[in-house]
Amino acid sequence: MDEVKALVSDIKSRKFVPIYFLMGEEPYYIDRISDYIQETVLTEEERGFNQMVLYGRDVSIEDVISNAKRYPMMAEHQVVVVKEAQDLARNIEKLVDYANQPQPSTILVFNYKYKTLDKRKTLYKTLKKTGVVFESKKYYDNQIPNWISRVLAGQNYTITQKAALMLAEFLGTDLSKISNELNKLKIVLPEGTQITPELIEENIGISKDYNNFELHKAIGSRDILKANRIIKYFGENPKDNPMVLTVGFLHTYFSKLLHLHGLKDKSPRSVASALKISPYFTEEYITAARNYPMKNVSAIISTLREFDVKSKGVGSNAVPQKDLLKELLVRIMN
């Protein structure tokens, strides 16, 4: 995120480079940086003649270079944006000659999503010298709550740790999806608000008490009453709580427990690092490991694989989700 801020700051200060090669597994920042360039480099009047958007599936590298070599009309710069540039991957190295001597008045932007350049090859090394190569890496699950907190802090909001964890668990690692939900919250909540689980439940519809985060916690601590209440709620609200996701979350949870059992160093810091989880969760995992010996965890993982198949309708003979969930909980906690 700091690299993104520095890049945007340079663009805002009009410290441009002739080529921006935006690549990587996470499309969110690629789109944000590209959109910012399109919205700010040229005035509205200049864009008509001097801003062009190309699509990788419709053009060749030669077409891109030809457009990049044009001179701007009645403006200091022209902007050429190549969206879905990963469709040019097979011939992308043909860009080397242009990258060696780019047109100074052109700002050429590549949106190269879900792929990266080979860093051993000439193109990557050349672009690092004459332009900007930005790699947008995929975030791990445990990084999302902190990302949410930092984004909100930059917009004059705060969020409790539990609320950030709820959003992360419900929305996954798709930054665009998370950003959209945060924008919805900002529409209804004034600046300076601290976002709590109650506000998330009220405005996004994620239950603060009945979610997979609370289910893991209940199962890990062997709180049978609470786990049964959550399972009952899931069974009564299957559209909002599909069993296939619950089984997937539980499989990830117990896989991490199995990993924890194999660790020599079980200090909180080591556990958080090895399991790639928030430090907020470490005591929960350590407690769960005490409650579920390694042999039990291995058996539970096998059970979860069985129920993953059943949750998809294979071999379950149309058993209702609520009954499958009850059976699953009994087999895990017995």
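So, how was this worked out
Sequence positions are assigned chain by chain, starting from 1 and proceeding in written order. pLDDT decides what is reported in this predicted model: residues at 70 or higher carry local features, side-chain atom pairs at 80 or more are listed and counted, and totals for whole chains, interfaces and linings draw on all residues regardless. Note that water and hydrogens are dropped before the side-chain values are worked out from all heavy atoms of the structure. Here a helix means four or more residues in a row that DSSP labels H or I, a strand means two or more in a row labelled E, and each is numbered from the N terminus. Each residue's exposure class comes from its accessible area (1.4 Å probe, protein chains only) as a fraction of the maximum for that residue type: buried when under 20%, exposed when over 50%, partly exposed otherwise. By the convention used here, residues are in contact when the closest approach between their heavy atoms is within 4.5 Å. Here the accessible surface of atoms and residues is derived via Shrake-Rupley with a 1.4 Å probe, and residues count as covered only by protein chains that are part of the display. In this charge count, Lys and Arg are treated as positive and Asp and Glu as negative; neither His nor the chain ends contribute. A charged residue contributes its charge at one atom only: NZ of Lys, CZ of Arg, CG of Asp or CD of Glu. Any Lys or Arg side-chain nitrogen located within 4 Å of an Asp or Glu carboxyl oxygen qualifies as a salt bridge. Here the axes come from fitting lines to C-alpha atoms, over the contacting stretch only for helices, and the angles between their N-to-C directions go from 0 to 180 degrees. Should an angle fall under 35 degrees it is called roughly parallel, over 145 degrees roughly antiparallel, and 65 to 115 degrees roughly perpendicular, with every other angle called oblique. Note on convention: the crossing is left-handed when the near helix lies turned anticlockwise from the far helix by less than a right angle, right-handed when the turn is clockwise. In the scheme used here, Gly and all other residues not listed as nonpolar or charged are polar, with Ala, Val, Leu, Ile, Met, Phe, Trp, Tyr, Cys and Pro taken as nonpolar and Asp, Glu, Lys and Arg as charged. Directions are taken from the helix axis to each C-beta atom, and the arc is the one they span. Here, patches come from residues exposed beyond 30% relative accessible area and free of salt bridges, joined within 9 Å for like charges and within 5 Å for nonpolar side chains (Val, Leu, Ile, Met, Phe, Trp, Tyr). N or O atoms closer than or at 3.5 Å make up a polar contact, with two conditions inside protein: a donor-capable atom paired with an acceptor-capable one, and, for residues adjacent in sequence, both atoms drawn from side chains. In summary, the pairing rule links any two rings of Phe, Tyr or Trp, Trp by its six-membered ring, whose centres are within 6.5 Å, and it sorts them by plane angle into stacked for under 30 degrees, edge-to-face for over 60 and tilted for everything else.

Chemist: Just checking my understanding: could you explain the overall build of the protein chain for this structure?
Modeler: When you go through the protein chain residue by residue, the secondary structure sums to 17 helices and seven strands. If you line up the protein chain on its principal axes, its C-alpha atoms span 75 × 45 × 45 Å. Within the span of the protein chain, comprising 334 residues, buried residues form 47% of the whole. Contacts in the protein chain between residues at least 24 apart in sequence constitute 75% of all its contacts with a sequence separation of at least 6. Per element, the accessible surface of the protein chain, about 17,300 Å² overall, is 50% carbon and sulfur. Between the averaged position of the 47 positive side-chain charges in the protein chain and that of its 41 negative side-chain charges there is a distance of 6 Å.

Chemist: Any chance you could explain the pattern of salt bridges here in plain terms?
Modeler: Pairs may arise between side chains of opposite charge once their charged atoms sit close together. Counted by the stated rule, this structure contains 14 salt bridges. The partner of lysine 94 in a salt bridge is glutamate 62, with the nearest N and O atoms 3.5 Å apart. Here lysine 94, found in the loop between β3 (78-83) and α5 (96-100), pairs with glutamate 62, found in helix α4 (residues 61-68); they are 32 residues apart in sequence, far enough to count as distant. With its nearest N and O atoms 2.9 Å apart, the salt bridge here joins lysine 162 to glutamate 214. Of the two residues, lysine 162 sits in helix α8 (residues 161-171) while glutamate 214 sits in helix α11 (residues 212-220), which places them 52 residues apart along the sequence. Judged by relative accessible area, lysine 162 falls into the partly exposed class, the value being 24%. Looking at glutamate 214, the relative accessible area reads 3%, which means it is buried.

Chemist: Quick question: what am I supposed to make of the packing of helix α13 (residues 243-261) against helix α14 (residues 268-275) here?
Modeler: Any two packed helices are characterised by the angle at which their axes cross and by the distance between the axes. With their axes 10 Å apart at the nearest point, α13 and α14 run at an angle of 130 degrees to one another. Accordingly, the angle class assigned to the pair α13 and α14 is oblique. Judged by the sense of rotation from one axis to the other, the crossing of α13 with α14 is right-handed. Residues Lys256, His259 and Leu260 of α13 touch α14, and the partners they reach there are Val271, Ala274 and Leu275. Tallied by class, residues from the contact of α13 with α14 come to four nonpolar, one polar and one charged.

Chemist: Can you help me understand helix α1 (residues 2-12) in this one?
Modeler: Given 3.6 residues per helical turn, the α-helix brings residues three or four places apart onto the same face. Residues Val4, Leu7 and Ile11 constitute the buried set of α1. Buried residues of α1 fall within an arc of 65 degrees about the axis and therefore sit on the same side. In α1, the exposed residues that point more than 90 degrees away from the buried face are Asp2, Lys5 and Lys12. Each element contacted by the buried residues of α1 is listed here: β1 (19-24), α2 (27-40) and β5 (132-135).

Chemist: Before we go on, may I ask you to explain a nonpolar patch on the surface in this structure?
Modeler: Together, Phe49, Met73 and Met74 make up a nonpolar patch on the protein surface, roughly 370 Å² of accessible area in all. Tracing the backbone shows phenylalanine 49 in helix α3 (residues 44-50). Its relative accessible area of 49% is what places phenylalanine 49 among the partly exposed residues.

Chemist: How do you make sense of helix α6 (residues 122-130) when you look at a structure like this?
Modeler: Residues of α6 that are buried include every one of Leu123, Tyr124, Thr126 and Leu127, and no others. Along the long axis of α6, the arc covered by the buried residues comes to 165 degrees, so they all point the same way. On its buried side, α6 packs onto β1, α5 and β5.

Chemist: Help me out: how do you make sense of the side chain of asparagine 50 in this one?
Modeler: Note on placement: asparagine 50 falls in helix α3. Residue classification places asparagine 50 among the buried residues on the basis of a relative accessible area of 2%. A distance of 2.6 Å separates the side chain of asparagine 50 from the backbone nitrogen of methionine 73, its partner in a polar contact. Setting aside residues up to four positions removed in sequence, asparagine 50 forms contacts with Leu42, Pro72, Met73, Ala75, His77, Gln78 and Val79.

Chemist: Before we go on, may I ask you to explain the environment of lysine 162 in this structure?
Modeler: The spacing of lysine 162 and aspartate 2 is 160 residues in sequence and 24 Å in space, taken between C-alpha atoms. Those residues in contact with lysine 162 that sit more than four places away from it in its chain are Pro197, Lys208, Phe213, Glu214 and Tyr280. A polar contact of 2.9 Å, which involves the side chain of lysine 162, links it to the side chain of glutamate 214.

Chemist: What exactly am I supposed to notice about the packing of aromatic side chains here?
Modeler: Here a ring pair, both rings aromatic, is described through the centre-centre distance and the interplanar angle of the planes. Here the structure, examined in full by the defined rule, presents 10 aromatic pairs. For the pair tyrosine 28 and tryptophan 147, a centre-to-centre distance of 5.6 Å together with 85 degrees between the ring planes defines the contact as edge-to-face. A residue pair is termed long-range when its members are at least 10 positions apart, and tyrosine 28 in helix α2 and tryptophan 147 in helix α7 (residues 144-153) qualify at 119 residues. Using a relative accessible area of 7% as the deciding quantity, one classes tyrosine 28 as buried.

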